[in-house]
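Observations on chain architecture
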Amino acid sequence: MASNPSLNVPQKPTSPAAPILPRLVRFGLLVVLDAAAIWFISRLFNLGYYPLAGGLTLILLFVNYVLLRQEAYPLRWMIIGLVLMSMFVIYPILFTVWVAFTNYGEGHLITKEQAIDQILDLKYLPESGRAFSWTAYKSPEGDYALWLMDAEGNSYLALPGEPLTQPQPGEAGIGELDSKGVPATIEGYQRLNAIVAATDKNLTQILFGEEGTTIQVRSPSEAAELLSLYEYDSDRDAMINQQTGVVYSNIRGLFSSPTGELLRPGFIASVQLANFRDFFLSPALRGPLVRIVTWNFAFAILSLLFNFSLGLAIAIMFNDPKFPLKKLIRSLLIIPYTVPALITILIWRGMLNPELGVIDRFLEGLFGWAPPWFTDQFWAKVAILLVNLWLSYPYFMLICSGALQSISEDYYAAAQVDGASPWQQFWNITLPLLLVSVGPLLVASFTFNFNNFNLIYLFNAGGPPIAGTPTPAGHTDILISYVYNLAFSGSRGVNYGFASAITIIIFIIVGAITLFQFRYTNMWEEVSENV
Amino acid sequence: MSSLSSVQQLRSSLKLQRRISVAVRLFIAVLLIIFSIFPILWVLSASLNPTGTLATQKLIPDNPGFGNYTELLNSTQFPFWTWFGNSFKIASITAVLSLGITTVAAYAFSRFRFKGRKTMLKGILLIQVFPSLLALVATFLMISQFGDVVPLLGLNTHASLILVYLGGAMGINIWLMKGFLDTIPRDIDESAMVEGANDWQIFTQLILPLLRPILVVIGLISYIGTYGEFVLARVLLKSNENYTLMVGLERFAGAQMSQRWGVFAAGALMGALPIMIIYLILQDQIVGGLTTGAVKG
């Protein structure tokens, strides 16, 4: 590392005498940015997206700190990258952790405040409540008014948000009454005939009269004084039904009565470790999850073994500077690596298509039988490993041939003097030395395959399906594709909470493997020296 | 006399052995090459096969022609150029912007000494350990929440997809770029500074021109990665005219692969071609990059 002392202090290009104009421009831009960001965050907050609003607030504070404080000067060079990384990498990770401890998902998609508001909107007609016959009036601006008559023949004028009044004809713009006692005109309003009024969809949504004793149109013949069906008791965190007195207490994001009756909608609530408990203990999920985890590990290990072995074998075979056409052979062999993986996976899906695909027709012609690549779980797994072999061996071939060239010839010369067979030379010299240099790449490749969603999802979407599972799962599903189904398949309802919990478990597995790699290969120390 | 002839014998038998070994290895090479390029040849043949279905395809089609290509390019349900254009636009913008972010940040990491520098560099490496795919659900929810405030940043927009891709710009490439910057002698900076240049001038006028070769390679690798990315695009983009080529191909394959195999093959080939060309041209640089630790994603 350079030891020049002048490098150890932050350089100071914007000295105190820095031109004033750029600083003003920067300050102006920051004010505009802040205004836009504050508006954006407040809108998110109003919509109930508290975690996102909170996260963005922290990021905004950080941006202001970096742009205003001189000591943060070096960070200005990377502020855009840091902001984007915080928003789209770090925040999603933290959000995933939070969601894993909640029941976010089908039936629990909104916040508690929103759910309470929706439930409080429900109304009922109390026994003491008054019912009226009604006539509707509409102004050109789209405002409505009601002329109400109760059973005793009293008439009222009802406007949204105002107390009821009992005006006489001539007062307040009320015109002459007709034979039924209804004014023909109200100033500023147009009387609606019964059919128009009955089919007007807006009318039934409007609350007339003042807060607390609102009147709502319930049917073409009746408008009634309605009350909120539920009242929220924040001390008990419960909804109380005003009609029956039943108490619905908050149980894991649903207001539930003692008899098990539920008030919809539910809301996002903490469920502590329930999602993780389900993963490890739920009997219904046990069967498919054990299969998925087993196959996930088997897939990653076998893929690594096959792909690495083939790549290494090819690298050794052609590790000969005088071999004819070496460059051409390499160019042809890396072709699988150059095609976008999605395209090759889809091509293989077509080639392995039962009945119609080229491989099945070929085998059919040769042996009279072809493996059921998509319907049988064993052959589906074989097909996936085969496709992955095709996709990945060029990569291992390339890294192994690079690594082979760095092994000194002296080792082999010494071994030949000692009379070691080629086989012994391979096991005792080539492999151990190779593993030192490509070891970290093998671990990276293992973790990549452990989460190789593209291959599984594109090839057969995890099929064939496992019968009788509570959530969709297939015989070749790996954890990450199972998570995808839980979160996005929608057919049996999304479950973000459970999906996130599994995501955390994958985090932990992958993280442990990587940590082990850092320890084992001393990579961390090397990294530390290089910074 | 007898010992000389036995040496000659040994020599010629060694030569023969070597010839046989080369022949055997060439034979294996041919088998491997068939394994490697057969799928590509098969798709090429499918794209030229006028009957266009999976079941009727042969390796050498009868009456080959470009019918599938014309059908592909005129199809409204499979708008190849729109999808290709979307992919090109998204991958180019992402590559250029992320190159900018990476280079400027790497310059700061290489040239300035500040508190938290090492921690941040290590942190960048650690964050990469968590595959971004795992945070898919959270990313999806975040983008849909953005969209409730500003629809232009919400689901089914290219802007949101590009932003999410750019979130990964502060990644392993910073290390790669910083490594290159560290090899550029600091004397250059210091002499310019003596002459009164500020950091920004030094960076843009002195350092950047020296970085051109590595910029091209990192930019193209990032382009290839974005071009081939599928999962995020699939989750965030919803409508046919907004799809990237990868999402479009996947949707098409899901819907009617076996009936319109020929059209699909034509689209797949045309989509793969630009990337294959980039790879074959950059072969040596990419091989060099691989051994420093990048895994194809």
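As the structure is a computational prediction, the values presented were derived from the model and not from experiment.

Topic: the overall build of chain A
- The number of helices and strands found in chain A is 19 helices and 13 strands.
- Taking 531 residues into account, the globule formula puts the C-alpha radius of gyration at 24 Å, and chain A, at 36 Å, lies well above it.
- Each principal axis of the C-alpha distribution contributes one length, and for chain A these read about 125 × 85 × 45 Å.
- With 531 residues in all, chain A has 33% of them scored as buried.
- In chain A, once contacts between residues fewer than 6 apart in sequence are set aside, the share between residues at least 24 apart is 58%.

Some remarks on the interface of chain A and chain B
- Chain A puts 84 residues into the contact, and the matching count from chain B is 79 residues.
- At 14 residues, the largest contribution of residues to the side of chain A that touches chain B is made by helix H4 (residues 79-100) of chain A.
- Split into classes, the residues belonging to the side of chain A that touches chain B amount to 65 nonpolar, 18 polar and one charged.

Brief notes about helix H10 (residues 212-228) of chain B
- For H10 of chain B, which comprises 17 residues, the first-to-last C-alpha distance of 24 Å matches the rise-based estimate of 24 Å (1.5 Å per residue) to within 8%.
- Along H10 of chain B, the residues that are buried comprise Ile218, Ile221, Ser222, Tyr223, Ile224, Thr226, Tyr227 and Gly228 of chain B.

Considering the domain arrangement of chain A
Residues and elements named next belong to chain A.
- When cut into domains, chain A gives domain 1 (14-100), domain 2 (123-228) and domain 3 (279-530).
- Inter-centroid distance (C-alpha atoms) of domain 1 to domain 3 is 40 Å.
- On the domain 3 side, the residues contacting the four residues of domain 1 number six residues.

Things to note about the domain arrangement of chain B
- By domain assignment, chain B separates into domain 1 (2-69) and domain 2 (79-256).
- Using only C-alpha atoms to locate each centre, domain 1 of chain B and domain 2 of chain B end up separated by 40 Å.

Looking at the confidence of the model for chain A
- Scored by pLDDT, chain A has a mean of 83; 93% of the residues are at 70 or more.
- Note that pLDDT drops below 50 for residues 1-17 of chain A; the model gives that stretch 13 contacts with residues more than four away or on any other chain.

A few points about the nonpolar core
- Residues Ala105 and Ala268 of chain B are the most contacted members of the largest nonpolar core, which totals 174 residues.
- For this core, the element with the most residues is helix H13 (residues 377-405) of chain A, which contributes 14 residues.
- Ignoring anything within four residues of it in the chain, the contact list for Ala268 of chain B reads Ile343, Leu346 and Ile347 of chain A together with Val43 and Leu249 of chain B.
- Among the nonpolar cores identified, the runner-up in size contains 21 residues, and Trp147, Ala158, Leu203 and Val217 of chain A belong to it.

Thoughts on helix H6 (residues 158-166) of chain B
- Within H6 of chain B, burial applies to Ser160, Leu161, Val164, Tyr165 and Leu166 of chain B.
- On its buried face, H6 of chain B sits against H4 of chain A together with helix H3 (80-111), helix H5 (136-149), H10 and helix H11 (231-236) of chain B.

Remarks on the packing of H3 of chain B against H6 of chain B
Residues and elements named next belong to chain B.
- At a closest axis distance of 10 Å, the pairing of H3 and H6 adopts a crossing angle of 40 degrees. As for the relative orientation of H3 and H6, their crossing is right-handed in sense. Where H3 abuts H6, its residues Asn86, Lys89, Ile90, Ile93, Thr94, Leu97, Ser98 and Ile101 lie against His158, Leu161, Ile162, Tyr165 and Leu166.
- In terms of residue class, the contact of H3 with H6 is made up of eight nonpolar, four polar and one charged.

Cut-offs used in this document
- One numbering rule holds for all chains: residues counted from 1, following each sequence as written.
- Working convention: letters from A go to chains and numbers from 1 go to ligands, in the order in which they are written.
- Whole-chain, interface and lining totals are the exception, using all residues; otherwise, since this is a predicted model, local features are given only for residues with pLDDT of at least 70 and side-chain atom pairs are given and counted only at 80 or more.
- Starting at the N terminus, helices and strands are each numbered in turn, a helix being any DSSP run of H or I of at least four residues and a strand any DSSP run of E of at least two.
- Radius of gyration here is computed from C-alpha atoms only, and the compact-globule reference equals 2.2 Å multiplied by the residue count raised to the power 0.38.
- Burial is judged by counting the other C-beta atoms within 10 Å of a residue's own C-beta: 20 or more makes it buried, 12 or fewer makes it exposed, and any count in between marks it as partly exposed, with every C-beta position built from the backbone.
- What counts as a contact here is a pair of residues whose C-beta atoms, placed from the backbone, lie within 7 Å.
- When residues are sorted by character, Ala, Val, Leu, Ile, Met, Phe, Trp, Tyr, Cys and Pro go into the nonpolar class, Asp, Glu, Lys and Arg into the charged class, and all the rest, Gly among them, into the polar class.
- An expected span of 1.5 Å times one less than the residue number is assigned to each helix.
- Note that the domain bounds reflect an automated or database-derived domain assignment.
- The pLDDT score gives, residue by residue, the confidence of the prediction method on a 0 to 100 scale.
- What we call a nonpolar core is a set of buried Ala, Val, Leu, Ile, Met, Phe, Trp, Tyr and Cys residues whose membership is set by joining through C-beta atoms within 7 Å.
- Axes here mean lines fitted to C-alpha atoms, for a helix over just the part in contact, with angles spanning 0 to 180 degrees between N-to-C directions.
- Here a crossing is taken to be left-handed if its near helix is turned anticlockwise relative to the far helix by less than a right angle, and right-handed if that turn runs clockwise.

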